[in-house]
Amino acid sequence: MEQSRLIDNKRGILVAISGGADSVAMLHYLVTHNYYCIAAHCNFHLRGEESDRDELFVRQFCEELSVPLHVAQFDTKKYAAERKLSIEMAARELRYQWFFKLIEQENLQGVAVAHHADDAVETFILNLVRGTGIRGLTGMKPKQGRVYRPLLRYSRQDIELYCRAHKLKYVNDSTNASDAYTRNRIRHNVVPHLKAINPSFLATMRGNMEHLNQVFSMFESQVKQFAKRAVVELDGQMLIAMDHIKDLPMPEPFLFELLFLKGFNSDSVRKIARCVSEERWGRVFFSPKYRAIVDRYNIMVMLRDKAEEEKSFDIEHEQEELFNPIHLKIQTFEKTDDFEFSRDNHIVHFNADKVYYPLTLRRWRNGDTFRPLGMKGFKKLSDFFVDQKLSRVEKENVWVLESGGEIMWIVGHRIDDRFKVVDNCKNIIEMVIDK
């Protein structure tokens, strides 16, 4: 750490301390080597009395070292439930959000966390299993933004020896013994077998990750050059030009680096690359926050509007107008002998005797079917769109009108044959799209 000047000892550093051997050794080293430290402890209230025991231990340890301490109390389970996160991810979000606030508040250079060599290897294996591309296999960095990891070159065994040599006490987290967490299963069941095969496994892996990091640095520069000529960020959308993608000898790794940052996993990227190579236009793929549309000219990546995707609108009996999301004018009248139904897709007529209220206006979904006017059989909307040669963007903007759970109108395109005006119907519903 001192040779690489990882942490500036003339500026303060926030030190994350849980009370375990790793963070206790790190704080002790920094303080005894004249770094100005402010400690931060998170009580996630996940282990009952044990969580409170850890907090008390940290308070006493920091008092012995004369280190200022901040403690945060988190309702982690509630936070995870509200945001639909795993407990591990919720705890990570909570602690780093708080750490970065403290850094700004105390005017510190960053936060030191006690990740060590074993953690780095476990993360490598975890990323290998999950599929994060080369980026995820380059290992943890000693400095990543405002996060510092001074213990990365040392094993858990090294750290425990340090604590023993300096007569440092520490607490043990009982959940570390449980295989309920994926990381623990790797720690207890995978790594020991690899160490048995290669006693120098940690050192070997450190060399592997350093080599992969060098390879990734070269590849990353190529991705940046590709992005300069092929990627446009416009109004919250990312457009990746199809002409430039096709010029690449291997598009998939380039697409992975661009799309992984938007939350797309390796399987989605593989399918997107296949659509490009097979010229299968119009496919849409989703990540938790984004959607990617494979168009003839671009891969279009845009934020998902989940509220809009799930939104539906009801039309009540005798309602004469709907303003949102489409401006519809509605009237019901008796059928006369001289009635002629409209052939304009923006002015439609329905057999009122077949309609059940309230009607529901919603976005179309994969799997939707209807019976197009003039046909006896049902057709998938996705196939209907292909027949109509709708672009991917046009498909995304399609609304359907339902009656009793049955689609009666692909708005602006075609009504369902079951709801058409017939000779013996008495009343007609007319709907007009007001442009």
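For the structure itself, consult the block above.
No experiment lies behind these values; they were computed from the predicted model shown.

Check the secondary structure of the protein chain and you find 15 helices and 22 strands. Taking 435 residues into account, the globule formula puts the C-alpha radius of gyration at 22 Å, and the protein chain, at 30 Å, lies well above it. Each principal axis of the C-alpha distribution contributes one length, and for the protein chain these read about 100 × 50 × 40 Å. When contacts within the protein chain are restricted to residue pairs at least 6 apart in sequence, those whose partners lie at least 24 apart make up 66%. When the accessible surface of the protein chain is summed, it comes to about 24,800 Å², and 48% of that surface belongs to carbon and sulfur atoms. Where the 64 positive side-chain charges of the protein chain centre and where its 62 negative ones centre are 6 Å apart.

Looking now at the pattern of salt bridges. By the definition in use, this model includes 27 salt bridges. Glu402 is the salt-bridge partner of Arg362, the closest N and O atoms lying 2.8 Å from each other. Of the two residues, Arg362 is situated in strand 16 (residues 359-363) and Glu402 in strand 19 (residues 399-403); the sequence distance between them amounts to 40 residues. Judged by relative accessible area, Glu402 falls into the buried class, the value being 15%.

This part takes up the sheet that holds strand 15 (residues 347-351). Taken in spatial order, the four strands of this open sheet run 13-14-22-15, and their pairing is antiparallel. Bordering the open sheet on either side are strand 13 (321-322) and strand 15, each of which pairs with just one other strand. Examined bridge by bridge, strand 13 and strand 14 (residues 328-334) share two bridges and lie antiparallel to one another. Across the sheet, the residue bridging to Glu321 is Lys329, located in strand 14.

Inspection of the secondary structure assignment puts His413 in the loop between strand 20 (406-410) and strand 21 (414-415). Through-space distance from the C-alpha of His413 to that of Arg146 is 54 Å; in sequence the pair is 267 residues apart. Beyond its immediate chain neighbours, meaning those up to four positions away, His413 contacts Asn345, Phe384, Leu390 and Val398.

A separate point is the pairing of strand 3 (residues 69-73). Pairing analysis gives five bridges linking strand 2 (residues 37-43) to strand 3, with the strands arranged parallel. Across the sheet, the residue bridging to Asn43 is Gln73, located in strand 3. In this view, the connection linking strand 2 to its parallel neighbour strand 3 by way of helix 2 (residues 49-65) has right-handed handedness.

On to unusual backbone geometry, then. Pro325 follows Asn324 through a cis peptide bond whose omega is 5 degrees. Secondary-structure assignment places Pro325 in the loop between strand 13 and strand 14. In this structure, Pro358 follows Tyr357 across a cis peptide bond, with omega equal to -5 degrees. If you trace the backbone, Pro358 turns up in the loop between strand 15 and strand 16. The residue Asn34 is not glycine, and still its phi comes out positive at about 65 degrees. One non-glycine residue, Lys84, lies in the positive phi region at around 55 degrees.

Counting through the fold element by element, Ser178 comes out in the loop between helix 7 (156-165) and helix 8 (182-197). The partly exposed category is assigned to Ser178, whose relative accessible area is 28%. In the structure, Ser178 is positioned 94 residues away from Ile272 in sequence and 38 Å away in space, judged by C-alpha atoms.

With that settled, consider helix 5 (residues 117-130). For an α-helix, 3.6 residues make a turn, and residues three or four places apart therefore share a direction. Helix length check: helix 5 (14 residues) gives 20 Å between terminal C-alpha atoms against 20 Å at 1.5 Å per residue, within 8%. Turning to helix 5, its buried residues are Ala117, Asp118, Asp119, Ala120, Val121, Glu122, Thr123, Phe124, Ile125, Leu126 and Asn127. Of the surrounding elements, those touching the buried residues of helix 5 are helix 6 (133-136), helix 7, helix 8 and helix 9 (201-230). Positive phi appears at Gly131, one or two residues downstream of helix 5, with a value of about 85 degrees.

With that settled, the discussion passes to the sheet that holds strand 1 (residues 13-16). Reading across from one edge, 3-2-1-4-6-5 is the order of the six strands in this open sheet, with mixed pairing throughout. Lying at the two open borders of the sheet, with one neighbouring strand each, are strand 3 and strand 5 (143-144). Relative to strand 6 (residues 147-148), strand 4 (residues 111-112) is paired through two bridges, and the arrangement is parallel. By the bridge assignment for strand 6, Ala112 is matched with Tyr148.

We now examine the packing of aromatic side chains. Within the structure shown, the criterion is met by 15 aromatic pairs. Their ring planes at 5 degrees and their centres at 6.1 Å tell us that Phe57 and Phe61 sit as a pair that is stacked. Of this pair, Phe57 and Phe61 are both found in helix 2, four residues apart, which corresponds to roughly one turn of the helix. Note on accessibility: Phe57 and Phe61 belong to one class, buried. Their ring planes at 80 degrees and their centres at 6.3 Å tell us that Phe74 and Trp98 sit as a pair that is edge-to-face.

The subject of this paragraph is the side chain of Asp119. Mapped onto the elements of the fold, Asp119 is located in helix 5. With sequence-adjacent residues up to four places away left out, Asp119 is seen in contact with Ala114, Met140, Arg156, Arg183 and Arg187.

About the cut-offs
- Residues numbered from 1 in each chain as written.
- Predicted model: local features only at pLDDT ≥ 70, side-chain atom pairs only at ≥ 80, totals over all residues.
- Heavy atoms only, no water.
- Helix = DSSP H or I, 4+ residues; strand = E, 2+ residues; numbered from the N terminus.
- Rg over C-alpha atoms; globule rule 2.2 N^0.38 Å.
- Contact = heavy atoms within 4.5 Å.
- Areas by Shrake-Rupley, 256 points an atom, 1.4 Å probe, with all protein chains shown as cover.
- Lys, Arg positive; Asp, Glu negative; His and termini not counted.
- Charge placed at Lys NZ, Arg CZ, Asp CG, Glu CD.
- Salt bridge = Lys/Arg side-chain N within 4 Å of Asp/Glu carboxyl O.
- Buried < 20%, exposed > 50% of the residue type's maximum accessible area, 1.4 Å probe, protein only.
- Pairing = 2+ DSSP bridges.
- Right-handed = clockwise from strand over helix to strand, strands pointing away.
- Expected span 1.5 Å × (residues − 1).
- Phe/Tyr/Trp six-rings, centres within 6.5 Å; stacked < 30°, edge-to-face > 60°.

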